[in-house]
Amino acid sequence: MTNDPLQTLGEFIIKKQDDFRYSSGELSRLLSAIRLASKVVNREVNKAGIADIVGQAGNTNIQGEDQQKLDVLANEIFIAALSQREVVCGIASEENDDFIEIKPTENGHLSKYVVLIDPLDGSSNIDVNVSVGTIFSIYRRITEPGTPVELKDFLQKGIHQIAAGYVVYGSSTMIVYTTGNGVNGFTLDPSLGTYYLSHPNMKFPKNGKIYSINEGNYIKFPQGVKDYLKYCQMEEGDRPYTSRYIGSLVSDFHRNMIKGGIYIYPSTSQSPNGKLRLLYECNPMALLAEQAGGKCSDGFHRILEIEPEKLHQRVPFFCGSMEMVEKAEEFMNSKLNSR
Ligand code: AHM
Ligand code: MG
């Protein structure tokens, strides 16, 4: 916990601006837009249960419809907050098939950043009052400012991210982000609507005792993952480990970063690239993990160095405490050619 009492996210963003030479303040404004949108989404997420009771009259399938709506609403909230503030020139969202170009405004301001976002990840958890999250990733465009953004501005390797982070709408709401200089976490005081620095310089423990995976898919996992799971469950040394799976990537990652653990969404016999999206989910989490001293791979290669080919590309995902990911990779490598 911090010795620096009541440092707000707003103050922190401004302070950190000085880390960047020649900073124009644009990234700060962009992060501030995300901060604002997250508070609006937080309000909507908190209302989700009550909307079931008081709203949506006439809907035959209230639960299904509401679920759908909150995803869409979160998407609209983030896109509005980002596009109305001259902070980005393009947005790609897990909710949209294509990227959105943000045209320069009348005063001709040319933004150099693009944002990739999963506005409400794990949203099937909303129905059952379990935490969900927002994940975001920021790159500098590679095409000329002033020209329309192109697909290649979004299809950049994760190592080129300028910043990445997530919001977890949990028992408290937190925003956790990195600009490539460590990872810091801020907790929302809902009575004031202000985020305060609560988790400075977050670090993955080198090793951990938690593994997070949807074990219901066991039969479809590659042999390397099956063998690693058996290793986790073996009675030896500090094992067996504990199994914890929320089914909400942000929450599972957040817990593992604090307590030490590994999250795995592997390939399966039916989905050879797993489920999670490289650009909206894996790259931002990988940057955070590495910045926090953890590790992230597809079982064999560093996530941040994968060359993206399409916006909604999926990739197997192994992420967490350094030694745990290395051990899982050992099992993967020893079963390279078997399923
Ligand atoms: P989503 O983007 O459709 O919400 O899916 C992503 C979520 C992750 O948050 C979570 O870890 C995973 O899907 C759970 O998938 P499964 O239900 O297959 O275990
Ligand atoms: Mg998602």
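Because the structure is a prediction, the values reported are computed rather than measured.

Reading guide: rules and limits
- Residues numbered from 1 in each chain as written.
- Chains lettered and ligands numbered in written order.
- Predicted model: local features only at pLDDT ≥ 70, side-chain atom pairs only at ≥ 80, totals over all residues.
- Heavy atoms only, no water.
- Helix = DSSP H or I, 4+ residues; strand = E, 2+ residues; numbered from the N terminus.
- Buried < 20%, exposed > 50% of the residue type's maximum accessible area, 1.4 Å probe, protein only.
- Contact = heavy atoms within 4.5 Å.
- Salt bridge = Lys/Arg side-chain N within 4 Å of Asp/Glu carboxyl O.
- Patch = residues over 30% accessible without salt bridge, like charges linked within 9 Å, V, L, I, M, F, W, Y side chains within 5 Å.
- Areas by Shrake-Rupley, 256 points an atom, 1.4 Å probe, with all protein chains shown as cover.
- Pairing = 2+ DSSP bridges.
- Axes fitted to C-alpha atoms, helices over the stretch in contact; angles between N-to-C directions.
- Core = buried A, V, L, I, M, F, W, Y, C linked by side-chain atoms within 4.5 Å.
- Donors = N, O, S within 2.8 Å, 3.2 Å for Na, K, Ca; no water.
- Phe/Tyr/Trp six-rings, centres within 6.5 Å; stacked < 30°, edge-to-face > 60°.
- Lys NZ or Arg CZ within 6 Å of the ring centre and 35° of its normal.

Is there a simple way to think about the overall build of the protein chain in this case?
A tally of regular secondary structure across the protein chain gives eight helices and 13 strands. Here the protein chain holds 339 residues, and the buried ones make up 53% of them. Sequence separation of 24 or more characterises 66% of the internal contacts of the protein chain that already satisfy a separation of 6 or more.

How do you make sense of helix H6 (residues 249–259) when you look at a structure like this?
Owing to its 3.6 residues per turn, the α-helix brings residues three or four apart onto one side. The buried fraction of H6 amounts to nine of the 11 residues, a majority that puts the element mostly inside the structure. All of the buried residues in H6 are Leu-249, Val-250, Ser-251, Asp-252, Phe-253, His-254, Arg-255, Asn-256 and Met-257.

Would you explain the pattern of salt bridges in this entry?
Two side chains bearing opposite charge may form a pair once their charged atoms approach each other closely. Taken as a whole, this structure holds 11 salt bridges when the rule is applied. Between Glu-150 and Lys-152 there is a salt bridge; the shortest N-O distance is 3.9 Å. On the basis of relative accessible area, Glu-150 is assigned to the partly exposed category, the value being 38%. Given the relative accessible area of 45%, Lys-152 is considered partly exposed. Put simply, Arg-239 and Glu-236 hold a salt bridge, and the shortest N to O gap is 3.7 Å. Residue Arg-239 is classed as buried on the basis of its relative accessible area of 10%.

When you look at a nonpolar patch on the surface in this model, what are you seeing that I'm missing?
Nonpolar side chains collect at one region of the surface, where Val-128, Val-130 and Ile-246 lie side by side and expose about 220 Å² of accessible area between them. On the secondary structure map, Ile-246 appears in the loop between strand E10 (242–243) and H6. Ile-246 sits in the partly exposed class, given a relative accessible area of 33%.

Would you mind going over the sheet that holds strand E7 (residues 183–189) with me for this structure?
Across a sheet, strands are paired by hydrogen bonds formed along the backbone, either parallel or antiparallel in direction. Ordered by their spatial adjacency, eight strands build an open sheet running E2-E1-E3-E4-E5-E6-E7-E8, and the pairing between neighbours is mixed. Here the strands that pair on one side only, and so sit at the sheet edges, are strand E2 (100–101) and strand E8 (194–199). Where strand E4 (residues 132–140) and strand E5 (residues 163–169) come together, seven bridges link them in antiparallel fashion. What sits directly across from Val-132, in E5, is Tyr-169. Each of strand E6 (173–178), E7 and E8 touches helix H1 (residues 9–17); the most contacted strand, E6, lies at about 5 degrees to it. Packed on one face of the sheet, helix H7 (residues 278–291) meets strand E1 (90–93), strand E3 (113–121), E4, E5, E6 and E7 and runs near 85 degrees to E4.

Teacher, can you tell me more about the nonpolar core here?
As a rule of thumb, soluble globular proteins bury nonpolar side chains together. Ranked by size, the top nonpolar core spans 41 residues in total, and within it Leu-30, Leu-82, Leu-120 and Ile-138 carry the most contacts. At nine residues, helix H2 (residues 26–54) tops the list of elements feeding residues into this core. Non-local contacts of Leu-30, meaning those with residues more than four positions away in its chain, are made with Leu-82, Val-87, Val-88, Tyr-113, Val-115 and Ile-138. Core analysis: the next-biggest nonpolar cluster, separate from the first, contains 31 residues, Leu-278, Met-285, Ala-289 and Ile-306 among them.

Hey, could you run me through the coordination of the magnesium ion (ligand 2) in this one?
Reference values for coordination geometry: four tetrahedral donors around a metal ideally subtend 109.5 degrees, six octahedral donors ideally subtend 90 or 180 degrees. Within the protein, Glu-94 (OE), Asp-118 (OD), Asp-121 (OD) and Glu-281 (OE) serve as the donor atoms for the magnesium ion (ligand 2), at 2.0 to 2.6 Å. Spacing between the donor residues of the magnesium ion (ligand 2) along their common chain follows E-x23-D-x2-D-x159-E. One end of the pair, Asp-118, is in strand E3; the other, Glu-281, is in helix H7, with 163 residues separating them in the sequence. The two residues Asp-118 and Glu-281 agree in class, both being buried.

For this particular structure, what's the right way to read the packing of aromatic side chains?
Within a pair of aromatic rings, the relevant descriptors are the distance that separates the centres and the angle that separates the planes. Applying the stated criterion to the full structure yields 13 aromatic pairs. With centroids separated by 5.9 Å and ring planes inclined at 25 degrees, the aromatic side chains of Tyr-228 and Tyr-231 adopt a geometry described as stacked. With Tyr-228 and Tyr-231 both in helix H5 (residues 223–233) and three residues apart, the pair spans about one turn of that helix. For the pair Tyr-228 and Tyr-231, one class covers both residues: buried. Put simply, the rings of Tyr-228, Tyr-231, Tyr-241 and Phe-331 pair up and form one aromatic cluster. Sitting over the ring of Tyr-231, Arg-239 keeps its end group 3.7 Å from the ring centre.

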